[in-house]
Amino acid sequence: MAEVEAVQLKEEGNRHFQLQDYKAATKSYSQALKLTKDKALLATLYRNRAACGLKTESYVQAASDASRAIDINSSDIKALYRRCQALEHLGKLDQAFKDVQRCATLEPRNQNFQETLRRLNTSIQEKLRVQFSTDLRVQKMFEILLDENSEADKREKAANNLIVLGREEAGAEKIFQNNGVALLLQLLDTKKPELVLAAVRTLSGMCSSHRARATVILHAVRIDRICSLMAVENEQMSLAVCNLLQAIIDSLSGEDKREHRGKEEALVLDTKKDLKQITSHLLDMLVSKKVSGQGRDQALNLLNKNVPRKDLAIHDNSRTIYVVDNGLRKILKVVGQVPDLPSCLPLTDNTRMLASILINKLYDDLRCDPERDHFRKICEEYITGKFDPQDMDKNLNAIQTVSGILQGPFDLGNQLLGLKGVMEMMVALCGSERETDQLVAVEALIHASTKLSRATFIITNGVSLLKQIYKTTKNEKIKIRTLVGLCKLGSAGGTDYGLRQFAEGSTEKLAKQCRKWLCNTSIDTRTRRWAVEGLAYLTLDADVKDDFVQDIPALQAMFELAKASTSDKTILYSVATTLVNCTNSYDVKEVIPELVQLAKFSKQHVPEEHPKDKKDFIDMRVKRLLKAGVISALACMVKADSAILTDQTKELLARVFLALCDNPKDRGTIVAQGGGKALIPLALEGTDVGKVKAAHALAKIAAVSNPDIAFPGERVYEVVRPLVSLLDTQRDGLQNYEALLGLTNLSGRSDKLRQKIFKERALPDIENYMFENHDQLRQAATECMCNMVLHKEVQERFLADGNDRLKLVVLLCGEDDDKVQNAAAGALAMLTAAHKKLCLKMTQVTTQWLEILQRLCLHDQLSVQHRGLVIAYNLLAADAELAKKLVESELLEILTVVGKQEPDEKKAEVVQTARECLIKCMDYGFIKPVS
């Protein structure tokens, strides 16, 4: 009864609709919907009610009803079109377009649908044009930003959009042409941090890769204003302004690698004056008390990056000469700052270190002795000018300056230590009652005692003072630095067991105290850093490193400190050095017995190896480090910012990884803890030695691990280049061998990886190693080629005329080495299966081809025999004439003997392949089956 009533209500609704009484029609359809469950009727009722909604301009209800009808029948064309109309009125043009597009697909000849489709397309394009009109966007953004009454979230959104727009070339140009620079200056004038930051970041994007715009912005904003913005205490602001200045410098100096042509080139004739002005202002910032520590750091970073030559092959070092003449004294003033003195400039923990790095870079950038002598004289004049018997603070600054230079150009620092009164002043300051004097003197002694000869002088003159300070001072900062000084002096003999500076057991006592401080979390991080530095020296002693790796809490405390201090380059370097010492991964000179005898005869000192530096002890230490979680610490250190993680630290980390990867059994643990991923950046960036060590460690992992687990996702493609770089005659045989094993494993995973190996031009190197006299290298290269021949482009190389690639593979199939034979036969089987032309070519490259094939088919090793039989089948299938030639040879007899064998589990494949060869011969009619 309900269904009948629902149909009647539907008919009633239709009548109301025809009479244009849409409200009554809607009421009838709604009542009917409550009475029926019939899907077809429900769809019709919803569709009809949607039509009423369109007429009464209830577009949300109309869209909803049409959607319910479509849910019941997705091809309901009337419901689709009604929803399209409702969505169009609601302004949802893209969704309306999809609906009418579906209608036009169902009824392509319906003119109404086609017309709506065209109209909506035009409306969408127009809407997009208005919506994304850059001029309008720029205008709107500035209106919001400069309106004090606009909402905070709108301002934030406008600021972010402006920054993004400034990074795009078209957007930057639109901002520039629409009076954008003047409007950005207005934002700077507001002095509101978030608006100033947005303006600075937008200007930075506009300056990138555009010399003319960068010049206009530099002159409009003014360099003194830019520097004053960088001088603020706000770290975020300081960094943003530093990026702006870097973008300007890159554009003006052409470092953006962009070719400037035509109109733009004509606008900026000479940029040297602007660049000199920038450098001059940055140097002034170094000695200004108004500049924050963050601002000083950014100024030093900019000078470090832009003044010294990036390539010493470039002859012009005029920028360095200008800075030495006009700014070296200012840099020395920063290096000589003592934080505890009232006259000290605002500094961060890194300021003095950055200044030392700049001095080092400037000194290294000098081209000749007269330039270096001039540099040294400025330093000497500055330091001797500071010595004043009446003013202890000045003396303190002088010694602090020497200490800073010793952390930079060490040779220059050593020359300055020879100045009259310097060493004596250090020793005198050690005896001072003022703690600040002791702190500076002890640090200076630490940096001065790197050379063995210098250490010997200090051992004679200063050790008793250091010990006295260590015993009497109650200041932990001085105590720990004094300890590091003693550690450094104690390790001055390096790994040479015969050159111990202190009495037996003294270094172990020092190390024990360092470990104690390291584990004491109540001490501040900077002071604990010195404990790690002490261990970095002391672990050159084998007894110390052996005790240290057994002290799991101390090890884990060091790892936690490294993880938490990824912004402190000193800690990272000290931890890396300690780990290098513990794993003995430093370079060791080979001892030639004849020279040892000669040295003994001439009564010269002969280096001695400590018993605990032998391989068994090293292996034990590696095991303990892995157990303590060294890999997670190393992975954390690798992620540190490039300015903090120096190339030297990267090299040390690569050395540690290589030592840890030495035992194949440990490589699974290394992979599981993320070691594979951490090694990739070390293999791609850093010193040449570091990159080779990291690549070798990667090769060791890639050789035995599943690449999908060791290097998940796209990372696996980054591994290829470091491995290919090891295929070089300058690398040792082990590196070549393990790189080939790694590439073999990778090339067996996917064609995309084979393509990557091919694109890295590894194929000629792999082929060269196939000619090697060394059996293992030849075997590894052949196995790698066996996988590589699956790639289409490699096959094309074999198909090309005028090369001996195929001949080499055929001849390697005849080698006595089973493994080489197996790999070569596999490569030949795949090549002959892929191309008939190669089957014919195989018979022409050498007269021995048939003899080699027969030997393969009779081989004792089943895998080699199977591959030989596959090659025979490929040749038989390739050409009737060639098949006839094979049948007339002894090969038919071999195939018959093998094919007649009873196939057991091991021989099944071999026997089956031989039988397939015989069936092929029967197909040609060369042989007949025996009845």
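Residues numbered from 1 in each chain as written. Predicted model: local features only at pLDDT ≥ 70, side-chain atom pairs only at ≥ 80, totals over all residues. Heavy atoms only, no water.

A.B. asks: Would you mind showing me how to read the overall build of the chain here?
C.D. replies: Along the backbone of the chain there are 55 helices and zero strands. A total of 931 residues make up the chain; the buried ones form 52% of that total. Considering only contacts in the chain between residues 6 or more positions apart, those separated by 24 or more positions represent 68%. (Helix = DSSP H or I, 4+ residues; strand = E, 2+ residues; numbered from the N terminus. Buried < 20%, exposed > 50% of the residue type's maximum accessible area, 1.4 Å probe, protein only. Contact = heavy atoms within 4.5 Å.)

A.B. asks: Can you help me understand the UniProt feature "repeat: TPR" (unreviewed entry) in the chain in this one?
C.D. replies: According to UniProt, the "repeat: TPR" (unreviewed entry) feature falls on residues 6-39. Taken as a whole, residues 6-39 contains 82% helix and 0% strand, while its terminal C-alpha atoms sit 12 Å from one another. (UniProt positions renumbered as here; feature names shortened; annotations may be inferred.)

A.B. asks: Would you mind showing me how to read a positive patch on the surface here?
C.D. replies: Judged by side-chain charge, Lys305, Lys310, Arg319 and Lys361 come together as a positively charged surface patch. Tracing the chain through its elements places Lys305 in helix α18 (residues 293-306). You can call Lys305 partly exposed: its relative accessible area is 47%. (Patch = residues over 30% accessible without salt bridge, like charges linked within 9 Å, V, L, I, M, F, W, Y side chains within 5 Å. Areas by Shrake-Rupley, 256 points an atom, 1.4 Å probe, with all protein chains shown as cover. Salt bridge = Lys/Arg side-chain N within 4 Å of Asp/Glu carboxyl O. Lys, Arg positive; Asp, Glu negative; His and termini not counted. Charge placed at Lys NZ, Arg CZ, Asp CG, Glu CD.)

A.B. asks: How do you make sense of the packing of aromatic side chains when you look at a structure like this?
C.D. replies: Describing an aromatic ring pair means giving the distance of the ring centres and the angle of the ring planes. Tallying each qualifying case throughout the model produces three aromatic pairs. Aromatic side chains Phe17 and Tyr22 sit 5.2 Å apart centroid to centroid with 65° between the ring planes, which places their arrangement in the edge-to-face category. Tyr22 gets classed as buried once you look at its relative accessible area, which sits at 17%. For the ring pair Tyr363 and Phe375, a centre distance of 5.3 Å and an interplane angle of 65° mean the geometry is edge-to-face. Remark: Phe375 occurs in helix α21 (residues 369-386) and Tyr363 occurs in helix α20 (residues 351-364); sequence separation between them is 12 residues. For the pair formed by Tyr363 and Phe375, the shared burial category is buried. (Phe/Tyr/Trp six-rings, centres within 6.5 Å; stacked < 30°, edge-to-face > 60°.)

A.B. asks: Even after reading the chapter, I still don't get unusual backbone geometry, so can you show me in this structure?
C.D. replies: What you tend to see is this: most non-glycine residues have negative phi, and most peptide bonds are trans. The backbone of Ser209 sits at a positive phi, close to 60°, despite the residue not being glycine. Along the chain, the position of Ser209 falls in the loop between α12 (193-207) and α13 (211-221). Even without being glycine, Arg761 reaches a positive phi, approximately 60°. Tracing the backbone through its elements, the reader meets Arg761 in the loop between α44 (751-759) and α45 (763-770). Judged by relative accessible area, which is 69%, Arg761 ranks as exposed.

A.B. asks: What exactly am I supposed to notice about the side chain of Thr744 here?
C.D. replies: Counting through the fold element by element, Thr744 comes out in helix α43 (residues 733-747). A distance of 2.6 Å separates a polar side-chain atom of Thr744 from the backbone oxygen of Leu740. Thr744 has contacts with Ala780, Glu783, Cys784 and Asn787, leaving out every residue within four places of it along the chain. (Polar contact = N/O pair within 3.5 Å; in protein donor to acceptor, adjacent residues only side chain to side chain.)

A.B. asks: In this structure, what is going on with the pattern of salt bridges? I would like to understand it.
C.D. replies: Working definition: two side chains of opposite charge can pair if their charged atoms are close together. Taken as a whole, this structure holds 38 salt bridges when the rule is applied. For Asp619, the salt bridge identified is with Lys615, shortest N-O distance 3.1 Å. Taken together, the residues span about one helical turn, with Asp619 and Lys615 both in helix α35 (residues 615-627) at a distance of four residues. The partly exposed category is assigned to Asp619, whose relative accessible area is 35%.

A.B. asks: Looking at this structure, how should I read α44?
C.D. replies: Regarding α44, the residues found buried are Leu753, Arg754, Ile757 and Phe758. Burial along α44 is one-sided: seen end-on, the buried residues are contained in an arc of 145°. Contacts made by the buried residues of α44 are with α42 (715-725), α43, α45, α46 (775-788) and α47 (792-799). (Arc of directions from axis to C-beta.)

A.B. asks: How should the side chain of Thr649 be read in this particular structure?
C.D. replies: Within the secondary structure, Thr649 sits in helix α37 (residues 647-660). According to the relative accessible area criterion, Thr649 is buried, its value standing at 1%. Sequence-distant contacts of Thr649, that is, excluding residues within four places in its chain, are made with Leu572, Tyr573 and Ala576.

A.B. asks: So what exactly am I meant to see when it comes to helix α25 (residues 435-448) here?
C.D. replies: In an α-helix, one full turn covers 3.6 residues, which means residues spaced three or four apart are oriented alike. Helix length check: α25, at 14 residues, gives a terminal C-alpha distance of 20 Å against a target of 20 Å (1.5 Å per residue), a fit within 8%. The buried count for α25 comes to 13 of 14 residues, which makes it a mostly enclosed element. (Expected span 1.5 Å × (residues − 1).)

A.B. asks: It is not clear to me how the nonpolar core should be interpreted in this structure. Could you clarify?
C.D. replies: Across soluble globular proteins, you tend to see nonpolar side chains buried next to one another. Of all hydrophobic cores here, the largest spans 253 residues; its most connected members are Phe375 and Met426. Considering every element that reaches this core, the biggest residue donor is helix α15 (residues 235-253), with 10 residues. When residues are assigned to domains, this core turns out to be shared by domain 2 (493-623) and domain 3 (629-790), each giving three or more. Sequence-distant contacts of Phe375, that is, excluding residues within four places in its chain, are made with Val324, Leu328, Ile359, Leu362, Tyr363, Leu366 and Leu412. In this structure, Ala6, Ala25, Tyr46 and Leu120 belong to the second largest nonpolar core, which totals 29 residues. (Core = buried A, V, L, I, M, F, W, Y, C linked by side-chain atoms within 4.5 Å. Domains from an automatic or database assignment.)

A.B. asks: Mind showing me how you'd approach the packing of α43 against α46 here?
C.D. replies: Each packed pair of helices is defined by two parameters, the angle between the axes and the distance between the axes. Where α43 contacts α46, the axes come no closer than 9 Å and their chain directions differ by 20°. With respect to α46, the element α43 is oriented roughly parallel. Judged by the twist between their axes, the crossing of α43 over α46 is left-handed. Counted together, Gly733, Asn736, Tyr737, Leu740, Leu741, Leu743, Thr744 and Ser747 of α43 and Gln776, Leu777, Ala780, Ala781, Glu783, Cys784, Asn787 and Met788 of α46 form the full contact between these two elements. Among the residues making up the contact of α43 with α46, the classes are represented as nine nonpolar, six polar and one charged. (Axes fitted to C-alpha atoms, helices over the stretch in contact; angles between N-to-C directions. Parallel < 35°, antiparallel > 145°, perpendicular 65-115°, else oblique. Left-handed = near helix turned anticlockwise from the far one by under 90°. Nonpolar A, V, L, I, M, F, W, Y, C, P; charged D, E, K, R; others polar.)

A.B. asks: Help me understand the environment of Trp517, please; the structure alone is not making it clear to me.
C.D. replies: Along the chain, Trp517 turns up in helix α29 (residues 506-519). Each C-alpha atom of the pair Trp517 and Val532 lies 9.2 Å from the other, and the pair is 15 residues apart in sequence. If we ignore the near neighbours within four places in the chain, the residues touching Trp517 are Tyr470, Glu476, Lys479, Ile480, Leu483, Ile523, Arg528 and Ala531.

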